[in-house]
Amino acid sequence: MEFAELIKTATVESVLLSGAGLPPVRGTLCITSHHLLLSSRPGGDGAPGTVELWLLIRNVDAVEKRLAGSSGTITLRCKDLKVLQLEIPGMEECLNVASSIEALSSVDSVMMMYPFFYRPQDLRLEAGWHLFPLEQYYQQIATQTSQWRLSGVNRDFAACPTYPPAVIVPAAVDDEALRKAARFRQGGRFPVLSYYHQKNGTVMLRSSQPLTGPNRKRCREDELLLGTVLDEGERGFIIDTRSAQAAKQARMTGGGTEPKSSYPRWKRLHRPLERGRPLQESFIKLVDACNDTSLTMDRWLSRLESCRWLSHVKAALSTACLAAQCLDREEACVLVHGAEGTDTTLLVTALAQLILDPGCRTLAGFQGLLEREWIEQAGHPFHLRCARSAYSHARLKQEAPLFLLFLDCVWQLGRQFPFSLEFGERLLLTLFDNAYASSYGTFLGNNEKERCLCKVKESTHSLWAWLNQPEEKRKYLNPLYSRNALVIWPSVEPQSIQLWQGLFFRWIRSSKYLDEAWAEIQRLVENDDTSVEESAGNRRSQSLSDTAAQTENER
Amino acid sequence: MEHITTPKVENVKLLDRYTNRKAANGTLYLTATHLIYVDASAEVRKETWILHHHIATVEKLPLTTAGCPLLIHCKNFHVAHFVIGQERDCHEVYTSLLKLSQPVKPEDLYAFSYNPKMSKDNREIGWKLIDLKVDYQRMGIPNDYWEITDANKDYEVCNTYPPEIVVPRAANKATVIGSSRFRSRGRIPVLSYLYKENNAAICRCSQPLSGFSARCLEDEQMLQAIREANPGSPFMYVVDTRPKLNAIANRAAGKGYENEDNYDNIRFKFIGIENIHVMRNSLQKLREVCETKSPSMSDFLTGLENSGWLRHIKAVMDAGVFLAKAVKDEKASVLVHCSDGWDRTAQVCSLASLLLDPFYRTFKGFMVLIEKEWIAMGHKFSHRCGHLDGDPKEVSPVFTQFIECVWQLMQQFPCTFEFNERFLLEIHDHVYSCQFGNFLGTCHKEREDLKIFEKTHSLWPFLLQKKQEFRNPLYRGFTAYKELQPNTLPFSFQFWCGMYNRFDKGMHPKQCVLDHLLSCMSQKMKLEDNASELENKLPFLDGPLPTEACSFPKMGSASKTPMLNTPQDYEGEPPPVLTNGTAVGDVEVMSDVDQKNKENLSKHQDPHDLKDAFGVLDSEAKDGKPQHP
């Protein structure tokens, strides 16, 4: 397929762009394979220079056209929730532009995505891809205990197509047993180590559901694997992210949950978390309510309630607290799973680590956590889940904003513990944007196997390489950060959970006054070590080139 | 003290509302002014102080095996659930508190016995801290159009207005008197705020006694005079802040609203803010929502919606924004009233002033605003706050709503207020505490009769003394922002956890940005002070510097300690998810809020020289001795 075939009209003159709190600009619209560009004529209309819109077409979630007379208006609803309007002279041009954008934004093949074409000058292709090797994480654990080993059983993705080649498993269980256990778990996701709690040596494991089925099948190797995790006389907890009812029903379709009789030392706790279509619909309803400026207070509160988004936030945080509490307070090992083990499971394991482990709360640590619990090691199917955002009219397939829910929960943690996360809201927003549409390869594909097949690491740039550049990194840091070695137990009372305005109202309300407050905080805190700031004067002057970096990003 | 039959009860439990943790066990004391609970079971001595005047309701719940429960709801949203071993003790405490919390005679209010050992002179200076005349001067009054008149010096015009009022120069004595006969309780149109930039004014009054057809020439002249005092605009707004239906109903009682046909060039408009009874019920519902144990998110949001509280807050804010826009954008004067013009009118006028004028967003300005629009103009604090044993139907959270509107503005404009949330909470506490004279009685005349100015102290100097802790570290100064145009879409209004769940510390952010920034700020100030001190010394130093320089390391390290507030205490207990399915973060240590509250309300600051407080106002509060035996 050639992109050119999809582009019916490559340029249109005199297009009026408006939306997203910017003053309307008139200029020339260009459609390229991956971008929508708008450049205002230098010197024209009084404004000197060129105003540019660089919109990644992959970011477009929905295209709506309205024709009136000889011109038409195209409304672009983006995956990052931004809404743009293009007023295009000429009916035919308008239709052509609309269908070109529609076609280009619907290209579903991973290899055709922009990251495979994006070649920024100041980044090396291989940078950022191997920052967080599992081997390194394993070495840390190995200094504390010899009960775990790094297994290559999945070297060619044979045991589990959604696991990475290397996994951390109990030392006492050999690869053959792992293979058998894998056959007893949906999608081959046998229990692996997710987190080692240094304080007391307990561990958190994750997996998918056991394939007990209607006949209550058992698997000796799976039982053995979980058995060896517990020491003599110890008990563990299985946190099933489905209701007891749903877990039972799953048996009819070949799934199920660990019966007490076969896993006598594991106590099962059911904490239903929403996923799949209901979660996507919750997201859609919330965004819909946020964009409806005609609502009365009562209608707003009622729609906020009925979309249930905040209930999902509360449930996710509560369940993560439960897992963290089992590890830290009950000093018990925990296994977390739902059905496939790629969605709510990861939500819980990732959040629990953030609550427990100060190491995950640094900028680098958080990136590592994402690689371990969402991307490389965990195989959250980003390509499927983030194919469409809240505006799309397309029939829902496998979209679900689990990653957004995770980011929202992290934001709640940051709000309750404003000094404990090294990164700020801006990083969370950037991650959200990039998960749905990106110039970088980090969130491409559904799992490591797919990324290997597509040679993502060889042919695209890593998001981490870009945002770890010193001048870029600065923007994501929390000026109030001070390392906090303690567990950060959030409050999950409804009064303590807020709607994340920075995300859901990013393009709706002006953030001028809040940005000024943020700048003021920065100024106050940085005044603490004025000398450092002064010596960084050079850095300051360099920040003029930030805008360049910004455009680079957009590209 | 005659109400206290049992000054001390031992073996009293204090239940924690949100956790299933073992209840505290301790001793309960009743003093003349406070209920004090000392927790004996804790390692650190924990005290809970409740001012009698803060108590809204005391309930004796059915006897349990643990003893006799006593549930206390406070006006500042503190809820204390005690269990007393002996029913007899419980009953005695109960009856004592009933009497202590709502005295019958005004002279039994705390303010009349509160004695901070301040000299008579300083006390009097304290009362002179806020001078409304100065504020009118600031607006340029008197000028060609407006004058300050003492027409009300013997309360002839209106007994709930202060002696001095601002009216149009064009309105003569006859007009004033005539108009007063046509306005409910004689509350004639007077100036509230003059927007100097364009001469548009905000004026306030009560409803006209128009009934179905009555007219009053003088009242019509009065409005004309107000309109003509703003030559830049051919018309003026008359805003009735009531729902239209309520206003119409009032016509049957011979009251009502202005007929546009009878007044020249007015634009009449209703802004539906509900009455005090609706507001009281709304707050009651909100209280219940806030006190629900472990509600689900849906329970909470549904409860919040059903309470209507935020809808009312939005209505007040919308009205304030309307006024400010009329004045600034349309350059038109506005006359505002509701029924009597002392509740909704006070809310709306003060909010509009706050939006228009950065002065009112400073410490001093905010005090002036409250003195002017609320105290002087006869908001019936005594009735609305239930200071004395009286009609419960008169109680209503009108002032609380105003304070919340200010807080909502702080959320949208974090750098525009000189003071912080704690300042609002402190004022709110003292509106109910009756510790100072400012909010006693219902109007100026009544305060004179009560000899407030001779017998009690003014709150404002005491607040100024503690200015450091009430400061907003993000304030960018008087000139950084002028008029504010808040977003009034529903999502911009947030539930104020810091007010309605203030004493449930587990719900609040576990690390306090405000404290941290305040300490950054004071460090910075100290360093600057020291730096300038050293600079001053520098020329006089001959030899080497080391002896002086040795003070530096200390300071350097000090600048690295602003994490004082990094709470180690939340480690205390994890959320008890295992037991009841929801997690609650909470703390062992007595809440800061409690602590502060206790200090504020019980201990004397000993202002040796109040002038300090009036001047640069940087002096720190000095701890005095506790008053109570």
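Now for a look at the structure at hand.

Parameters and conventions
- Residues numbered from 1 in each chain as written.
- Chains lettered and ligands numbered in written order.
- Predicted model: local features only at pLDDT ≥ 70, side-chain atom pairs only at ≥ 80, totals over all residues.
- Heavy atoms only, no water.
- Phe/Tyr/Trp six-rings, centres within 6.5 Å; stacked < 30°, edge-to-face > 60°.
- Lys NZ or Arg CZ within 6 Å of the ring centre and 35° of its normal.
- Patch = residues over 30% accessible without salt bridge, like charges linked within 9 Å, V, L, I, M, F, W, Y side chains within 5 Å.
- Areas by Shrake-Rupley, 256 points an atom, 1.4 Å probe, with all protein chains shown as cover.
- Salt bridge = Lys/Arg side-chain N within 4 Å of Asp/Glu carboxyl O.
- Lys, Arg positive; Asp, Glu negative; His and termini not counted.
- Charge placed at Lys NZ, Arg CZ, Asp CG, Glu CD.
- Helix = DSSP H or I, 4+ residues; strand = E, 2+ residues; numbered from the N terminus.
- Pairing = 2+ DSSP bridges.
- Axes fitted to C-alpha atoms, helices over the stretch in contact; angles between N-to-C directions.
- Contact = heavy atoms within 4.5 Å.
- Parallel < 35°, antiparallel > 145°, perpendicular 65-115°, else oblique.
- Left-handed = near helix turned anticlockwise from the far one by under 90°.
- Nonpolar A, V, L, I, M, F, W, Y, C, P; charged D, E, K, R; others polar.
- Polar contact = N/O pair within 3.5 Å; in protein donor to acceptor, adjacent residues only side chain to side chain.
- Disulfide = S-S within 2.5 Å.
- Buried < 20%, exposed > 50% of the residue type's maximum accessible area, 1.4 Å probe, protein only.
- Expected span 1.5 Å × (residues − 1).

Thoughts on the packing of aromatic side chains
Thought 1: Under the defined criterion, the tally for this structure stands at 56 aromatic pairs over all chains.
Thought 2: The structure contains a cluster of three or more aromatic residues connected by ring pairs, namely B:Phe363, B:Phe366, B:Trp374, B:Phe381, B:Phe399, B:Phe402, B:Phe417, B:Phe419, B:Phe423, B:Phe439, B:Trp460 and B:Phe470.
Thought 3: Residue placement shows A:Arg77 over the ring face of A:Tyr391; its charged tip is 5.5 Å from the ring centre.
Thought 4: Here the basic side chain of B:Arg138 rests over the ring of B:Tyr360, its NZ or CZ set 5.2 Å away from the ring centre.

Examining a positive patch on the surface
Thought 1: There is a patch of like positive charges on the surface, built from A:Arg235, A:Lys260, A:Lys267 and A:Arg268.
Thought 2: When you line up the elements, A:Lys260 lands in the loop between α6 (244–249) and β13 (266–270).

Focus: the sheet that holds strand β10 (residues 192–197) of chain A
Within a beta sheet, neighbouring strands are joined by backbone hydrogen bonds and run either parallel or antiparallel to one another.
Residues and elements named next belong to chain A.
Thought 1: Taken in spatial order, the five strands make up an open sheet running β10-β11-β14-β12-β13, and their pairing is mixed. Of all strands in the sheet, those with a lone pairing partner are β10 and β13, marking the two edges. Here the strands of the sheet are splayed against their neighbours by 20° on average, with no regard to which way each runs.
Thought 2: Sheet topology note: the strand β12 (residues 236–240)/β13 ladder contains five bridges and is parallel. Considered in β13, the bridge of Phe237 is made with Lys267.
Thought 3: The strands touched by helix α10 (residues 344–356) are β10, β11 (202–206) and β14 (334–337); relative to β11, the strand with the most contacts, the crossing angle is about 155°.

Things to note about the packing of helix α9 (residues 309–328) of chain A against helix α9 (residues 297–307) of chain B
Thought 1: For the pair α9(A) and α9(B), the least separation of the axes is 9 Å and the interaxial angle reads 140°. Judged by the inter-axis angle, α9(A) sits oblique to α9(B). Handedness of the α9(A)/α9(B) crossing: right-handed. When α9(A) is examined against α9(B), the residues A:Leu310, A:Ser311 and A:Lys314 are found in contact with a partner set consisting of B:Met297, B:Ser298 and B:Leu301.
Thought 2: Class assignment for the residues of the contact of α9(A) with α9(B) results in three nonpolar, two polar and one charged.

Points about the sheet that holds strand β5 (residues 55–60) of chain B
Residues and elements named next belong to chain B.
Thought 1: Reading across from one edge, β4-β3-β2-β1-β7-β6-β5 is the order of the seven strands in this open sheet, with antiparallel pairing throughout. Two strands lie at the open edges of the sheet, namely β4 (46–51) and β5, each paired on one side alone. Averaged over all adjacent pairs, the angle separating strand axes in this sheet is 30°, with direction ignored.
Thought 2: As defined by bridge partners, strand β1 (residues 8–15) adjoins strand β7 (residues 79–84) across four bridges and the pair is classed as antiparallel. Note on β7: the bridge partner recorded for Lys13 is Val83.
Thought 3: Helix-sheet contacts for helix α1 (residues 87–101) involve β1, β2 (24–30), β3 (34–39), β5, β6 (68–74) and β7, and the interaxial angle to β5 is about 155°.

Observations concerning the environment of B:Asp340
Residues and elements named next belong to chain B.
Thought 1: By secondary structure assignment, the location of Asp340 is in the loop between β14 (333–337) and α11 (344–356).
Thought 2: The sequence separation of Asp340 and Cys216 amounts to 124 residues, and the corresponding C-alpha distance is 18 Å.
Thought 3: Of note is the side chain of Asp340, whose polar atom sits 3.1 Å from the side chain of Ser184.

Considering the state of the cysteines
Here, the word disulfide means a covalent bond between the sulfur atoms of two cysteines.
Thought 1: Counted under the stated rule, the structure contains zero disulfides over all chains.
Thought 2: No disulfide involves B:Cys512; its sulfur sits 12 Å from the nearest other cysteine sulfur, which is in B:Cys520.

A closer look at the pattern of salt bridges
Thought 1: Tallied over the entire structure, the rule returns 57 salt bridges over all chains.
Thought 2: Measuring nitrogen to oxygen at the nearest pair gives 3.0 Å for the salt bridge that ties A:Glu373 to A:Arg206. Taken as a pair, A:Glu373 in helix α11 (residues 363–373) and A:Arg206 in strand β11 lie far apart in primary sequence, 167 residues in all. For the pair shown, A:Glu373 and A:Arg206 are each scored as buried.
Thought 3: Here B:Lys133 and B:Glu164 are joined by a salt bridge, their closest N and O atoms 3.3 Å apart. Pair noted here: B:Lys133 is in helix α4 (residues 132–138) and B:Glu164 is in the loop between β8 (146–149) and β9 (165–168), with a separation of 31 residues, a long-range link.
Thought 4: Classification of B:Glu164 as partly exposed rests on a relative accessible area of 38%.
Thought 5: Salt bridges sharing common partners tie together B:Asp135, B:Arg138, B:Arg204, B:Asp357, B:Lys372 and B:Glu373.

Describing helix α21 (residues 513–537) of chain B
Thought 1: The end-to-end C-alpha separation of α21(B) is 36 Å, in line with the 36 Å expected for 25 residues at 1.5 Å each.
Thought 2: Burial in α21(B) covers these residues: B:Leu514, B:His516, B:Leu517, B:Leu518, B:Ser519, B:Cys520, B:Met521, B:Gln523 and B:Leu534.

Observations concerning the interface of chain B and chain A
Thought 1: Counting residues at the interface gives 67 residues for chain B, matched by 60 residues for chain A.
Thought 2: Where chain B meets chain A, there are three salt bridges.
Thought 3: The residue B:Arg476 makes a salt bridge to A:Glu516 at a minimum N-O spacing of 3.4 Å.
Thought 4: When residues of the side of chain B that touches chain A are traced back to their parent elements, those giving at least two are α8 (276–291), α9, α10 (309–328), α14 (398–412), α21 and α24 (577–580) of chain B.
Thought 5: Residue contributions to the side of chain B that touches chain A peak at seven residues, all from α9(B).
Thought 6: Across the side of chain B that touches chain A, the residue classes break down as 39 nonpolar, 19 polar and nine charged.

Regarding the pairing of strand β3 (residues 35–39) of chain A
Residue and element names in this part refer to chain A.
Thought 1: Burial of β3 is extensive: four of the five residues sit out of reach of the surface.
Thought 2: Relative to β3, strand β2 (residues 22–31) runs antiparallel, the two being bridged by four bridges. The partner of Ile31 across the bridge, within β3, is Leu36.
Thought 3: Linking β2 to β3, which pair antiparallel, is a turn of three residues.
Thought 4: In terms of strand pairing, β3 meets strand β4 (residues 52–56) through five bridges, oriented antiparallel. Counterpart to Ser39 in the pairing with β4 is Glu52.

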